[in-house]
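Here is what each chain is made of, one letter per residue.
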There are 2 protein chains.
Amino acid sequence: MSTARGARARARIEVTAAIKEEARRQLAAEGAAKLSLRAVARELGMVSSALYRYFPSRDDLLTALIIDAYDSLGESAEAAHAQVAGAGPRERWIAVCVAARRWALAQPHEYALIYGSPVPGYTAPDTTIPAASRVGLLLVGIVRDAYRGKGVARTPLSPELKAEAQRMAADLAPDLPPEAVAALVAAWAQLFGLIGFELFGQFNRLVEDREPFFRHAVDQLAHGVGLVYPEPTGTPAKGNGTGGP
Amino acid sequence: MSTARGARARARIEVTAAIKEEARRQLAAEGAAKLSLRAVARELGMVSSALYRYFPSRDDLLTALIIDAYDSLGESAEAAHAQVAGAGPRERWIAVCVAARRWALAQPHEYALIYGSPVPGYTAPDTTIPAASRVGLLLVGIVRDAYRGKGVARTPLSPELKAEAQRMAADLAPDLPPEAVAALVAAWAQLFGLIGFELFGQFNRLVEDREPFFRHAVDQLAHGVGLVYPEPTGTPAKGNGTGGP
DNA sequence: TCCAAATCAAGAGCAGTGCTCTCGTTCTTG
DNA sequence: CAAGAACGAGAGCACTGCTCTTGATTTGGA
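Worth saying up front: this structure is predicted, and the values here are computed from it rather than measured.

**Some remarks on the protein's contact with DNA strand C**
Point 1. Inspection of the region around DNA strand C gives 23 residues, with Leu37, Arg38, Arg42 and Arg58 of chain A together with Ser49 of chain B positioned closest.
Point 2. Separating a base oxygen of DNA strand C from a side-chain N or O atom of Arg8 of chain B is a distance of 3.0 Å.
Point 3. Between a base nitrogen of DNA strand C and a side-chain N or O atom of Arg53 of chain B, the distance comes to 2.9 Å.
Point 4. Contributing elements (two or more residues each) for the surface near DNA strand C: α1 (6-30), α2 (37-43) and α3 (48-51) of chain A together with α1 (6-30) and α3 (48-51) of chain B.
Point 5. Element by element, the count of residues in the surface near DNA strand C is highest for α2 of chain A, at 3 residues.
Point 6. The residue makeup of the surface near DNA strand C, split by class, is 9 nonpolar, 5 polar and 9 charged.

**Focus on the relation of the copies chain A and chain B**
Point 1. With an axial shift of 0.0 Å and an RMSD of 0.0 Å, the rotation relating chain A to chain B amounts to 180°. The superposition of one copy onto the other is thereby described by a two-fold rotation axis. Residue Gly193 of chain A of chain A places its C-alpha closer to the rotation axis than any other residue of that unit, at 1.7 Å.
Point 2. Mapped onto chain B, 100% of the interface residues of chain A again fall at the interface, so both copies present the same surface.

**What to know about the protein's contact with DNA strand D**
Point 1. If you check the shell around DNA strand D, you find 24 residues, and the closest are Ser49 and Arg53 of chain A together with Leu37, Arg38 and Arg42 of chain B.
Point 2. Counting only atoms of DNA strand D within 4 Å of the protein, the fraction found in sugar and phosphate groups is 51%.
Point 3. Contacts to DNA strand D include Arg38 of chain A, whose side-chain N or O atom sits 3.4 Å from a base oxygen.
Point 4. Within the side chain of Ser49 of chain A, one N or O atom sits 2.6 Å away from a base oxygen of DNA strand D.

**Remarks on the packing of helix α5 (residues 89-106) of chain A against helix α10 (residues 178-199) of chain A**
All names here are of chain A.
Point 1. Remark: α5 packs on α10, axes separated minimally by 10 Å, with the N-to-C direction vectors making an angle of 35°. With respect to the hand of their crossing, α5 and α10 are arranged in right-handed fashion. Note on element contacts: α10 touches α5 through Leu184, Ala187, Leu191, Ile195, Glu198 and Leu199, opposite Trp93, Cys97, Ala100, Arg101, Ala104 and Leu105.
Point 2. For the contact of α5 with α10, the per-class residue count stands at 10 nonpolar, no polar and 2 charged.

**A short note on the domain arrangement of chain A**
All names here are of chain A.
Point 1. One can read the domain layout of chain A as domain 1 (7-56) and domain 2 (65-118 + 125-225).
Point 2. Taken over C-alpha atoms, the centre of domain 1 sits 32 Å from the centre of domain 2.
Point 3. The interface of domain 1 with domain 2 comprises 10 residues on the first partner and 5 residues on the second.
Point 4. When the two sides are added together, the surface that domain 1 and domain 2 hide from each other amounts to roughly 640 Å², 67% of it contributed by carbon and sulfur.
Point 5. Of all residues in domain 1, the largest losses of buried area upon contact with domain 2 belong to Lys20, Arg24 and Leu27, amounting jointly to 64% of the total for that side.
Point 6. Taken together, the links from domain 1 to domain 2 amount to 2 salt bridges.
Point 7. Across the pair Asp68 and Arg24 runs a salt bridge, and its minimum N-O distance is 3.1 Å.

**Notes on the pattern of salt bridges**
Residue and element names in this part refer to chain A.
Point 1. Tallied over the entire structure, the rule returns 26 salt bridges over all chains.
Point 2. A salt bridge links Glu179 to Lys162; the nearest nitrogen and oxygen atoms lie 3.1 Å apart. With Glu179 in helix α10 and Lys162 in helix α9 (residues 159-172), this pair connects stretches of sequence that are 17 residues apart.
Point 3. Taken together, the shared-partner salt bridges connect Arg101, Glu198, Glu211 and Arg215 into one network.

**Describing a negative patch on the surface**
Point 1. Taken together, the side chains of Glu160 and Asp171 of chain A together with Glu208 and Asp209 of chain B make up a negatively charged region of the molecular surface.
Point 2. Here Glu160 of chain A lies in helix α9.
Point 3. Of the residues examined, Glu160 of chain A reaches a relative accessible area of 48% and is grouped as partly exposed.

**A look at α10 of chain A**
All names here are of chain A.
Point 1. Between its first and last C-alpha, α10 extends 32 Å over 22 residues, near the 32 Å set by a 1.5 Å rise per residue.
Point 2. With 22 of its 22 residues buried, α10 lies for the most part within the structure.
Point 3. One or two residues past the end of α10 sits Gly201, with phi positive at roughly 90°.

**Comments concerning the UniProt feature "domain: HTH tetR-type" (unreviewed entry) in chain A**
Point 1. According to UniProt, the feature "domain: HTH tetR-type" (unreviewed entry) maps to residues 13-73 of chain A in the numbering used here.
Point 2. Taken end to end, residues 13-73 of chain A is 74% helix and 0% strand, and its first and last C-alpha atoms sit 23 Å apart.

**Regarding the packing of helix α4 (residues 58-83) of chain A against α5 of chain A**
All names here are of chain A.
Point 1. Look at α4 against α5: their axes get within 8 Å of each other, and the N-to-C directions meet at 140°. Of the two possible hands of crossing, α4 and α5 adopt the one that is right-handed. On α5, the residues that touch Ala69, Ser72, Leu73, Ser76, Ala77, Ala80 and His81 of α4 are Arg92, Ala95, Val96, Ala99, Ala100 and Trp103.
Point 2. Residues that form the contact of α4 with α5 fall into these classes: 9 nonpolar, 3 polar and 1 charged.

The rules we used
Residues numbered from 1 in each chain as written. Chains lettered and ligands numbered in written order. Predicted model: local features only at pLDDT ≥ 70, side-chain atom pairs only at ≥ 80, totals over all residues. Heavy atoms only, no water. Near = heavy atom within 4 Å. Polar contact = N/O pair within 3.5 Å; in protein donor to acceptor, adjacent residues only side chain to side chain. Helix = DSSP H or I, 4+ residues; strand = E, 2+ residues; numbered from the N terminus. Nonpolar A, V, L, I, M, F, W, Y, C, P; charged D, E, K, R; others polar. Least-squares fit on C-alpha atoms with pLDDT ≥ 70 in both. Contact = heavy atoms within 4.5 Å. Axes fitted to C-alpha atoms, helices over the stretch in contact; angles between N-to-C directions. Left-handed = near helix turned anticlockwise from the far one by under 90°. Domains from an automatic or database assignment. Buried area = accessible area lost by both parts, 1.4 Å probe. Salt bridge = Lys/Arg side-chain N within 4 Å of Asp/Glu carboxyl O. Patch = residues over 30% accessible without salt bridge, like charges linked within 9 Å, V, L, I, M, F, W, Y side chains within 5 Å. Areas by Shrake-Rupley, 256 points an atom, 1.4 Å probe, with all protein chains shown as cover. Lys, Arg positive; Asp, Glu negative; His and termini not counted. Charge placed at Lys NZ, Arg CZ, Asp CG, Glu CD. Buried < 20%, exposed > 50% of the residue type's maximum accessible area, 1.4 Å probe, protein only. Expected span 1.5 Å × (residues − 1). UniProt positions renumbered as here; feature names shortened; annotations may be inferred.

Here it is in C-alpha cells:
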C-alpha cells in the first residue's frame with residue numbers, strides 16, 4: 001500500500017507465517033507423515049501450486065518447522081534455566097531436563113520431528129545446527145559453572161577415547177577436562193533417550209508414574225557428569241536423596 | 001500339488017514371506033515412509049489389490065516388519081550375550097549394548113522403524129510386546145545374576161518413586177530391589193538414546209570416533225546400575241579403566 | 001463324486017498426494 | 001512508463017492406499 005518496497009515483501013512474510021502456522025497445526029494434529037501441502041493450501045484458501053512460491057518443496061517446509069521446533073524447545077529450556085539461575089548446578093541441570101521433557105510431552109509431534117527418525121531420505125541441512133544446539137549448550141554452561149566451582153566427572157578414559165574427547169572439548173568447551181565433556185555428551189544423548197522412550201510408548205505397561213522416575217533418572221545423570229548439590233553437610237540432601245555412592 | 005490341504009496353505013505362506021522379504025528390501029533401501037504396497041506388488045509381479053489378501057493394510061505389513069525387526073535385534077543381542085556367558089556382569093552388559101548398536105548401524109531403517117518416531121497415527125499392537133522385550137529382558141537377567149553374586153545399585157529413591165519402582169519390580173524382576181529396577185529401566189532407555197543420537201545424526205559434527213565413546217558410555221551405564229568388574233583386586237581392570245569412583 | 005463355498009488374481013476406479021508447467025494478472029523497479 | 005519479476009490459478013502427470021467387482025481355481029462337505 002504505502003511503502004513502495006513493502007507491500008509485496010510484507011505480504012510474503014505474512015503468507016509465509018500463515019503457511020507455517022497452519023502446517024504446525026496439522027503437524028500437531030496428525031503428525032509429520034500426514035502433513036500435506038495441498039491440505040495446508042486448501043485451509044488457507046489458496047491453490048497448492050501457489051504454495052510452492054513460498055516453500056520450494058515439502059521438505060523445505062518441514063525444515064522450517066524443524067528449526068522452529070528446536071528454537072521453541074531451546075526457548076523453553078532457557079526460560080526454565082533462567083528461573084533457577086541462582087541455584088546449584090544440580091538443580092539447574094534438573095530444571096533444564098524437566099523443561100525439555102515438559103516441552104516434549106506438550107508437543108509430541110514436534111518432538112518426533114526433531115528427535116525421532118528423520119523423514120524419508122531427509123538429511124537435516126546445516127541451517128538447523130545452531131537451533132539444535134541450544135539445549136546442549138545450556139547443559140555445557142551448567143557443567144562449566146560447576147567446574148569453576150567445585151568439580152566435574154573425572155572418570156578416566158581409554159587412550160583412544162581421550163584423544164576423541166579432547167577433540168570434542170576443543171569444539172565445545174575448551175576449559176573443561178575431556179573426561180567431563182565425554183560424560184556430558186553421553187548424558188545429553190541419554191536425556192533424550194529417556195524422553196523418547198516415554199513419548200514413543202516404550203514405557204507403556206512398565207512405568208506408570210513417570211515424572212518422579214524421570215527426575216530421579218536425570219538426577220543420576222547429573223551425578224554421572226559430576227554435578228553435586230550445593231551443601232555437602234553430612235547426610236545427603238532431602239527431597240531427592242542421591243548424595244553419593 | 002499332492003497334499004490336499006497343503007497346496008493353498010503352503011502357497012499362502014510362501015507368498016506372505018515373499019511380500020515381507022521384498023518389503024524389507026524396500027524398507028532398507030528407502031525407509032519406512034517410502035515403503036509402497038504397490039511397488040512391492042509390482043516387484044513381485046502381482047497386482048496391488050492381490051496383496052491385500054495377505055496384509056489387510058499397509059500398517060499391518062509394517063507391524064509384521066516391526067515384529068521381525070524386534071526379533072532380529074533380540075536375536076543379535078542374545079547371540080552376543082551367549083558368546084560371553086562366562087564373563088562378569090559388566091562384560092556381558094557391554095556385549096549386549098555393543099551388539100544392539102551394531103545391529104542398529106547395520107539396519108538403520110529397521111531401527112528407526114522400532115525405536116524412532118511411530119509412523120502416522122500408528123500405535124503398536126500388543127502383538128509386538130514380547131518381541132520388543134527381548135533386549136530388555138536380557139539386561140534384566142544380567143542384573144539379576146549380578147545381584148545374586150555381589151550387589152546392584154542401591155541409590156535411595158524418593159517415597160513416591162519407591163512405590164512406583166516396587167510396582168515395576170513386581171512385573172519385571174520381583175527378586176531385585178526397587179532401586180536397582182529403577183536404575184535398570186533408566187539405563188535401558190538411555191542406551192537407546194545413545195544409539196539413536198548416533199544413528200539420527202545428532203553426533204554428526206561432534207563425535208567422530210563413536211565406537212570407543214559408546215563403549216565408555218555404556219560402561220558407565222553399567223556402573224550406574226551397580227554392575228562391577230569380576231576382579232576387585234586393587235587397581236581397576238585395564239582396557240576400559242572404570243573401576244569405581 | 002459332485003457341487004456349493006471359500007479363496008484367489010486381476011482390473012477398474014476413487015480420492016488423495018507432491019510437483020511441474022503454463023497462462024494471465026499484479027506489483028516493483030530502472 | 002515500460003520491462004521484468006513475482007504471484008495466483010488451473011490443468012496435468014505420476015504416484016499412493018484402498019475398495020469393489022468379475023471370473024477362475026481350490027477346498028471341503030453331502
